[in-house]
Amino acid sequence: MDDLLHLFFPHVCIGCESDVLDNESLLCAECMHHLPYTGFIAAKANPVEKIFYGRMNVQHAASAFYFNKESVIQNLIVQLKYKSNQLAGNFLGKLLGNELMKSQRFDDIDVMIPLPLNEKKFFKRGYNQSLAIVNGINSVWQKPVIENAVERILFTETQTHKGRIDRWQTMEGVFAVTQPSLIENKHILLVDDVVTTGATLEACGTSILKIPGVKLSVATVAYTI
Ligand SMILES: [Zn+2]
């Protein structure tokens, strides 16, 4: 059956379009070999943790890859967000999960929460890309997933033209924990695709941290300055 699918849907590497790759992989061996790992996932005070200094109390934060323009990672994230390719999210999640597991820093995580998507985007895309990533993580690193404890309650306009301060202000009150009993006293790993200013993760994380006994960590597939 796989061979038949292969015939109708040529299976090519998302990085370089080579057709020499395993059925389960989205990248060829060459592209896998050159993935831009940050190498800091196990390090304290890494650049992703520094984003949240003075803004939100995180136990650990890290990203597996650098997000470079026109890179393999960008191609995969474009597939995930704009080409309805959830497999790209599962694949990236698997890679992130392997790194989280290897680092041993995240061992005491109790549950994973995918960053909630607003309804308009959910409707357009049909799925939450962060959930696709979380499911990928879960396939190699079995931490329970909670999808419905936190919700995005406000719609925000596109924020690309606003500065960091404005962005934070417009993100306030966007998220709410609607089922606190699901996350009370737990160490939560909040997961998203890319971290840039951290404003969205901060807004969501801040609402999570209001719940008694909660500890928060953050992981993203990629990090960009
Ligand atoms: Zn390739």
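Everything in this summary refers to the structure shown in the same document. (Residues numbered from 1 in each chain as written. Predicted model: local features only at pLDDT ≥ 70, side-chain atom pairs only at ≥ 80, totals over all residues.)

1. Focus: the sheet that holds strand β2 (residues 111–114)
Read across the sheet, four strands follow the order β1-β6-β5-β2 without closing on themselves; strand pairing throughout is parallel. Each edge of the open sheet carries a strand with a single partner, namely β1 (61–66) and β2. Between one strand axis and the next, the sheet turns through 20° on average, direction left out of account. For β2 and strand β5 (residues 187–195), the ladder comprises four bridges, and the chain directions are parallel. Paired with P114 across the two strands is V191, which belongs to β5. Its contacts with the sheet place helix α7 (residues 129–140) against β2, β5 and β6 (215–223), and it is angled at close to 120° to β5. (Pairing = 2+ DSSP bridges. Helix = DSSP H or I, 4+ residues; strand = E, 2+ residues; numbered from the N terminus. Axes fitted to C-alpha atoms, helices over the stretch in contact; angles between N-to-C directions. Contact = placed C-beta atoms within 7 Å.)

2. Some thoughts on helix α9 (residues 199–208)
For an α-helix the count is 3.6 residues per turn, leaving residues at separations of three or four pointing the same way. For α9, the tally of buried residues reaches eight of ten residues, placing the bulk of the element in the interior. Of all the residues in α9, the buried ones are A199, T200, L201, E202, A203, C204, G205 and I208. (Buried ≥ 20, exposed ≤ 12 C-beta atoms within 10 Å, placed from the backbone.)

3. So, the packing of helix α4 (residues 72–82) against helix α5 (residues 86–103)
Relative orientation of the contacting elements α4 and α5 amounts to 135°, with a least axis distance of 7 Å. Considered as vectors, α4 and α5 are oriented oblique to each other. The two elements α4 and α5 meet at a crossing, and its hand is left-handed. Residues L76, Q79 and L80 of α4 pack against A88, G89, F91 and L92 of α5. (Parallel < 35°, antiparallel > 145°, perpendicular 65-115°, else oblique. Left-handed = near helix turned anticlockwise from the far one by under 90°.)

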